[in-house]
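# Notes for the structure review
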Amino acid sequence: MVLKHHLNIGNVDYVEWCREVDQQSTKLAAADDGVFEDGVRALLAKLESSHTTFYAADVNSTRPQRVIGATLRSVIDSGCPCWMFLDVFEDSPAALAGSFPANCWWA
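In this report, we go over the structure that sits alongside the text. (Residues numbered from 1 in each chain as written. Predicted model: local features only at pLDDT ≥ 70, side-chain atom pairs only at ≥ 80, totals over all residues. Heavy atoms only, no water.)

### Here's the deal with the side chain of H6
Positionally, H6 belongs in the loop between α1 (2–5) and α2 (14–30). Here Y14 takes part through its side chain, which lies 2.7 Å from a polar atom of the side chain of H6. Once you skip the residues sitting within four places of it in the chain, H6 turns out to touch M1, Y14, L47, S49 and T52. (Helix = DSSP H or I, 4+ residues; strand = E, 2+ residues; numbered from the N terminus. Polar contact = N/O pair within 3.5 Å; in protein donor to acceptor, adjacent residues only side chain to side chain. Contact = heavy atoms within 4.5 Å.)

So, in structure tokens, the structure goes:
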């Protein structure tokens, strides 16, 4: 599913990532729910994208990019750290606030 749907904005080496997933899959499959969820989240974090995580049925299932209607990435602009909008969903809170892709927001 990751290889089919993930947007590789972090230029992650998928071959290496898949190797690590394969190495950990047997251990994670045999683990209790908490260890399994933490392990999957740790693997997904290595994909370096803010909107990719593991959602379990018993936690808030609202995806972060749906809450504000945008996907962000931390970047350096003119020597200053800022958040750059990678995409903005139509009619979302971010769009209604005037945000658009490649627009930076300084923290």
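### Points about the pairing of strand β1 (residues 70–77)
Alignment of β1 against strand β2 (residues 80–88), held across eight bridges, turns out to be antiparallel. Residue pairing in the sheet places S74 in a bridge with W83 of β2. Remark: two residues form the turn of the hairpin made by β1 and β2, two consecutive strands paired antiparallel; S78 in that turn has positive phi of roughly 55 degrees. (Pairing = 2+ DSSP bridges.)

### Considerations on helix α3 (residues 33–45)
In this model α3 runs 18 Å from its N-terminal to its C-terminal C-alpha over 13 residues, within 8% of the 18 Å that 1.5 Å per residue would give. Considered for burial, the residues of α3 that qualify are E37, G39, V40, L43 and L44. Summarising the axial view, the buried residues of α3 lie within an arc of 165 degrees, below the 170-degree limit, and thus occupy one face. Of the exposed residues in α3, the ones pointing more than 90 degrees away from its buried face are D38 and A45. Looking at the buried positions of α3, the neighbouring elements they touch are α1 and α2. Near the N-terminus of α3, the side chain that reaches the backbone nitrogen of G34, with its oxygen 3.1 Å away, is that of D32. (Expected span 1.5 Å × (residues − 1). Buried < 20%, exposed > 50% of the residue type's maximum accessible area, 1.4 Å probe, protein only. Arc of directions from axis to C-beta.)

### A few points about the pattern of salt bridges
Side chains carrying opposite charge are able to pair once their charged atoms draw close together. As enumerated under the stated definition, the model contains three salt bridges in all. Put simply, E16 and R19 hold a salt bridge, and the shortest N to O gap is 2.2 Å. Of this pair, E16 and R19 both sit in helix α2, three residues apart, roughly one helical turn. In this structure E16 comes out as partly exposed when scored by relative accessible area, which is 34%. With its nearest N and O atoms 2.5 Å apart, the salt bridge here joins E20 to K46. In this pair, E20 is assigned in helix α2 and K46 in the loop between α3 and α4 (64–68), connecting sequence segments 26 residues apart. The class for K46 is partly exposed, based on a relative accessible area of 39%. (Salt bridge = Lys/Arg side-chain N within 4 Å of Asp/Glu carboxyl O.)

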